[in-house]
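Geometric and topological summary
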Amino acid sequence: MAEETGKSFARRDRLLEIESKVQKLWAESDVFRAEPKDSPPKPGEKFYGNFPFPYMNGYLHLGHAFSLSKLEFAAAYHRLSGANVLLPFAFHCTGMPIKASADKLTREIEKFGYPPVFPEVKEVENSEAEDKLKGENEASQTQPGGKFKGKKSKAVAKTGDVKFQWQIMQSYGLSDEEIRRFTNPYHWLTFFPPLAVEDLKAFGLGCDWRRTFVTTDMNPYFDSFVRWQMRKLKAMGKIVKDLRYAVYSPLDGQPCADHDRASGEGVNPQEYTLIKMEVVSPFPSKMSVLEGKKVYLAAATLRPETMYGQTNCWVLPDGKYGAFEINDTDVFVMTRRAALNCAYQNLSRVSETPTCLVELTGQDLIGLPLRSPLAFNDIIYTLPMLSVLTDKGTGVVTSVPSDSPDDYMALHDLKAKPAFRAKYGVKDEWVLPFEIIPIIHHPDFGDKSAEKICIDMKIASQNDKDKLVMAKEKIYKGGFYEGTMIAGEFTGMKVQEAKSLIRNQLLQLEQAVVYSEPEKKVMSRSGDECVVALTDQWYITYGEEEWKKAAEECLASMNLYSDETRHGFEHTLGWLNQWACSRNFGLGTRIPWDEQYLVESLSDSTLYMAYYTVAHMLQGGDMYGADRSLIEPEQLTDEVWDFLFLNGSVPKASEISSSVLNKMKKEFEYWYPFDLRVSGKDLIQNHLTFSIYNHTALMPKHHWPKGFRCNGHIMLNSEKMSKSTGNFRTLRESIQEFSADATRFSLADAGDGMDDANFVFDTANAAILRLTKEISWMEEVFAAESTLRSTSPLTYADRVFANEMNIAVKVTQKNYKDYMFREALKSGFYDLQAARDEYRLSCGAGGMRRDLLLRFMDIQTRLIAPICPHYAEYVWKDLLHKEGFVVTAGWPVADSPDLTLKMANKYLQDVIVSMRKLLQKQVSGPTKGKKAAPTPQVAPNAALIFVNEQYDGWKRECLNILKGKFDSVSGSFAADQEIMSELQSCEFGQAMGAKQLQKLCMPFVRFKKDEVKAVGAQALELKLPFGEIEVLTENADLVKRQLGLEHLDVLSVLDADAVARAGEHAAILNSNPPSPGNPTAIFLSR
């Protein structure tokens, strides 16, 4: 950090000073206020972009800023280009996190007093612990201006758990008395959103702040909007009450949706078939308390069709199990974790509370005789398996060694190793008599697929875990999709058809039950591990066939800017099903017809883009809706909302004047549909897809979303952004450390795709230097303006520089249109500055043209304005003395680029580079071998440059053949073999021979093919599209200056008199003859 190295802050502070001044000017002129025009917008005349409102339990950080910057840059480009732009912003407060954090503070006061005195424990490093529950503590950031240290306090638990909530609040620099106020969850809503507005204004966000709002019933206007939306969906049959499995937080007493989770976002319930494997009495003494009850080892399986082939049951010898009451008669033996899931699925005598009659270990269960459904073996036994998981399924596993490589190898080990059996007290009769029972024919591995693949892969034991994973992957897919049942009632049927029939049969005969658990571990923001519960609540019917078709139609019409994004949406639409939309804990809007429930946080944020269009007219610019002078929230009836957004009829009994209603409707009709919504890719699987569904359900097609642009997450300096490691920055910290424009510059440079991007501190620091040096250079130019050329004819360097500016304007415009901001930064700033620097060098003593430099300043200022608007505004007003604001100045006008001139200049620069290397080599003399003292070389002061502007000989013939083998439509060539055959058959090929053709011609052919890919079919022409001799002659002074020569002659190798001037150096022309694009230089001393 600069603060720690003693570096000067003068440059950064100047940018901060400029930013403060420019923001004041913008505010005074209300530059970003968005008003509809009188007539409907034509394509390109308006741009409405929005961003998922951030959750307000902490400061905004660079992760927020990165995604938001994509929208900000896009909106700024459209504004600069003359479009009428709306960029609104709001703050999400719905859901559990704020309430959970407030309740934590209350509990900490109750437990540890006020101010709380926490127990001190030995500090333990566990950098993953805080990340693991990062969602719980979104607010665990530094106070404004401070540096986030990420150090563990002494109160960190020995297990590596996160800090107490009180300590997190202390990290903001809050006093104990201030923290105490946060026990009221609504205090969070009045504390963080205003600070976020401050930070975003300091960032330079081009937002119409009149339209900002917070969610929840604290804002009665937005509350009314959400209630209307929910009533509309219910009236359409899109919201139903149903009994369904949902990921559920026992502590919170409600389903735990993605945004309610500290970890496990995107995890869904995994449904199993729970096989009831009956324990045959008499029971062992440890289980004697269970006599008289039906006791089952409950095994969770995803493959009920394989139950015919059971040879035994597996348990983990040192695993912890229990015998849990399911009802008055039945007892399931399983892990306590599984029993807790069962208790929330009506599979417990006491609802939501597992009752354990006796605690057991896996060793206690070994040797239990079992009768298992469908098994051909009447009695099977419980055996030890060391790889059984107790954090997945029930900890009890059925064994089918015919089709499971794991089962096959574990049974094989027990049979083959008497010592292994003895270690766990396994009797021979429990193992040795049991053979593989073929039940499924696999097309590739036969009737005993597990045995076959284990032998083929040379798997030695159950400890070959990596090989076993590969074996399972190989046989399971083929077995399911192409396998055929060869045992049981459904013999001859395809496995994928038989599976559901066998499962239904087991369920109907009460030999199995349905069981579900989270696919992976899920932690709620309240800190408890989630289960799957069978919940009777309100669901939105996402996935319903006709609704899904409409969503797919909408998606097909949208611009998603990358195939990866489209695939993500298509995948989500493929699996997304009913979504629990009600909660009974947290903050939000009440379900209007069932007010014991709240609308969950992902269900009140799907249509609010429409609310932005009228928010300012409802709330009077107050984000909380406290200003009721314009419209009372009670006046917003369903008829009013229908009129505004759904083209409903004019409300007859509305207390709102018709002029106000029509004005609001005009706002909505002008701005909708929105053109772009920018978001992190993690919201594809929920929020963004929900938004598509809700728009297609409620809005007419012409108001469906037009585009989503998704991006990856952001790293800091190539490492994951993490509070616990200190590799973290709030937006406020970044602005204070680098300035807003340098932060924006680095965000633009970080990357644009779906892969994770990288915010580099060195880039931000370099931006500070670049921007301030550019200001200094402009000031120097104006100070010496009288020395610049003004009326002289355009030189070659002038024409090249003017052309480079034209190219920058066109290319940068395309990059902005495609929302490729890193490329826009390259073409509109880096490349443009490189062109200016080259121009300055090329002009030499003659100097640069005044009008071209002024044009350069104008163009560069406009092109960088979307990314660095404060810098650009300062240059525009204070240095260029232009009228108005640069942010609305219009895209610069430019002539069509002269690509031939660009190619000619590249040729010139490449020639200078190659000649410099050759000259340096000649001056330094030979470097190979060991010599006592190299002979001093006399530096040449003259050069003869020989040019051959047209291919001849065998190269000419190669190009003619290549032209004939090139398809201009597809841009592709015939195969090399075909080209080689043509070369061999022609006259020069026959004379040259196959060996020489391969040595000389084919490398040239490949070179030209690559060149075609780069510049097009013109690479196949016999000469370049410009005169090489003309370019080099016109720029002879530049070449001489660059190489330190006094004399330079440009000659044609086809001119015998010119070649004669090479004299004793003529051999160079023979060994290295010039060709188009590759002149030959001979350096001399005169």
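Structure's up top.
Our focus in this paragraph is the overall build of the protein chain. Along the protein chain, the regular secondary structure elements total 37 helices and 32 strands. Expressed as lengths along the three principal axes of its C-alpha atoms, the size of the protein chain is roughly 115 × 85 × 60 Å. Looking at the protein chain as a whole, 56% of its 1086 residues qualify as buried. Within the protein chain, contacts between residues separated by at least 24 positions form 77% of all contacts whose residues are at least 6 apart in sequence.

A word on the sheet that holds strand S1 (residues 46-50). Taken in spatial order, the 4 strands of this open sheet run S2-S1-S23-S24, and their pairing is parallel. In the strand order of this sheet, the two ends are held by strand S2 (84-86) and strand S24 (708-711), each with one partner. Taken over all neighbouring pairs, the strand axes of this sheet differ in orientation by 20 degrees on average, direction set aside. In this sheet, S24 lies alongside strand S23 (residues 676-680) in parallel orientation, the contact comprising 4 bridges.

Time to look at the sheet that holds strand S31 (residues 1047-1052). Sheets are built from strands paired through backbone hydrogen bonds, the pairs being either parallel or antiparallel. Here 3 strands make up an open sheet; going across it, the order is S31-S28-S32 and the pairing mixed. Each edge of the sheet is formed by a strand with only one pairing partner; in this case those strands are S31 and strand S32 (1080-1084). On average, each strand axis in the sheet is inclined to that of its neighbour by 20 degrees, with strand direction left out of account. Judged from the 5 bridges that link them, strand S28 (residues 942-947) and S32 form a sheet pairing that is antiparallel. Bridging across to S32, Phe 946 finds its partner in Thr 1080. Of the strands in this sheet, S28 and S32 touch helix H29 (residues 899-924), which is tilted by about 45 degrees from S32.

Our next topic: H29. Compared with an ideal rise of 1.5 Å per residue, which puts 26 residues at 38 Å, H29 spans 38 Å between its outermost C-alpha atoms and is within 8% of the ideal. For H29, every residue scored as buried is listed here: Leu 901, Ala 904, Asn 905, Tyr 907, Leu 908, Gln 909, Val 911, Ile 912, Met 915 and Leu 919. At its buried positions, H29 is contacted by helix H25 (796-817), helix H26 (821-843), S28, helix H34 (1028-1034), helix H35 (1036-1043) and S32. The N-cap of H29, judged by a side-chain oxygen 3.1 Å from the amide nitrogen of Thr 900 a few residues on, is Asp 898.

What follows deals with the pattern of salt bridges. All told, the structure shown has 65 salt bridges when counted by the stated rule. For Glu 544, the salt bridge goes to Lys 238, with nearest N and O atoms at 3.7 Å. Placement of Glu 544 in the loop between strand S19 (531-540) and helix H16 (545-557) and of Lys 238 in the loop between helix H8 (220-235) and strand S3 (239-249) is noted, with a sequence separation of 306 residues between them. Note on Glu 544: relative accessible area 32%, which makes it partly exposed. Residue classification places Lys 238 among the buried residues on the basis of a relative accessible area of 13%. Here Asp 260 makes a salt bridge to Arg 583, at a shortest N to O gap of 3.4 Å. Here Asp 260, found in the loop between strand S4 (254-255) and strand S5 (261-263), pairs with Arg 583, found in strand S21 (residues 582-583); they are 323 residues apart in sequence, far enough to count as distant. Three or more residues joined by partner-sharing salt bridges are found here, namely Asp 30, Arg 33, Glu 35, Asp 208, Arg 210, Arg 211 and Glu 667.

Moving on, we come to the pairing of strand S10 (residues 330-334). Burial of S10 is extensive: 5 of the 5 residues sit out of reach of the surface. Where strand S7 (residues 294-301) meets S10, 4 bridges bridge the pair, whose relative direction is parallel. Bridging across to S10, Lys 294 finds its partner in Asp 330. Pairing between strand S9 (residues 320-325) and S10: 4 bridges, direction antiparallel. Within the sheet, the bridge partner assigned to Gly 322 lies in S10 and is Met 334.

Turning next to the pairing of strand S6 (residues 269-279). Bridging between S6 and strand S17 (residues 512-518) involves 7 bridges; their strand directions are antiparallel. Along S17, the bridge assignment pairs Tyr 272 with Tyr 515. Bridge count for S6 against S7 is 6 bridges, and the pairing is antiparallel. Opposite Leu 274, over in S7, you have Ala 300 as the bridge partner. Examined bridge by bridge, S6 and strand S12 (residues 369-371) share 2 bridges and lie antiparallel to one another. Within S12, the position partnered with Glu 278 by the bridge is Arg 371.

Attention now moves to the packing of H26 against helix H27 (residues 850-864). Closest axis-to-axis distance for the H26/H27 pair is 9 Å, and the angle between their directions is 160 degrees. Considering the angle they form, H26 stands roughly antiparallel to H27. In the packing of H26 onto H27, the handedness of the crossing is left-handed. Within the contact between the two elements, H26 uses Leu 825, Gly 828, Phe 829, Leu 832, Gln 833, Arg 836 and Tyr 839 and H27 uses Leu 852, Leu 853, Phe 856, Ile 859, Gln 860, Leu 863 and Ile 864. Partitioning the contact of H26 with H27 into residue classes produces 10 nonpolar, 3 polar and 1 charged.

Criteria and cut-off values
Residues numbered from 1 in each chain as written. Predicted model: local features only at pLDDT ≥ 70, side-chain atom pairs only at ≥ 80, totals over all residues. Heavy atoms only, no water. Helix = DSSP H or I, 4+ residues; strand = E, 2+ residues; numbered from the N terminus. Buried < 20%, exposed > 50% of the residue type's maximum accessible area, 1.4 Å probe, protein only. Contact = heavy atoms within 4.5 Å. Pairing = 2+ DSSP bridges. Axes fitted to C-alpha atoms, helices over the stretch in contact; angles between N-to-C directions. Expected span 1.5 Å × (residues − 1). Polar contact = N/O pair within 3.5 Å; in protein donor to acceptor, adjacent residues only side chain to side chain. Salt bridge = Lys/Arg side-chain N within 4 Å of Asp/Glu carboxyl O. Parallel < 35°, antiparallel > 145°, perpendicular 65-115°, else oblique. Left-handed = near helix turned anticlockwise from the far one by under 90°. Nonpolar A, V, L, I, M, F, W, Y, C, P; charged D, E, K, R; others polar.

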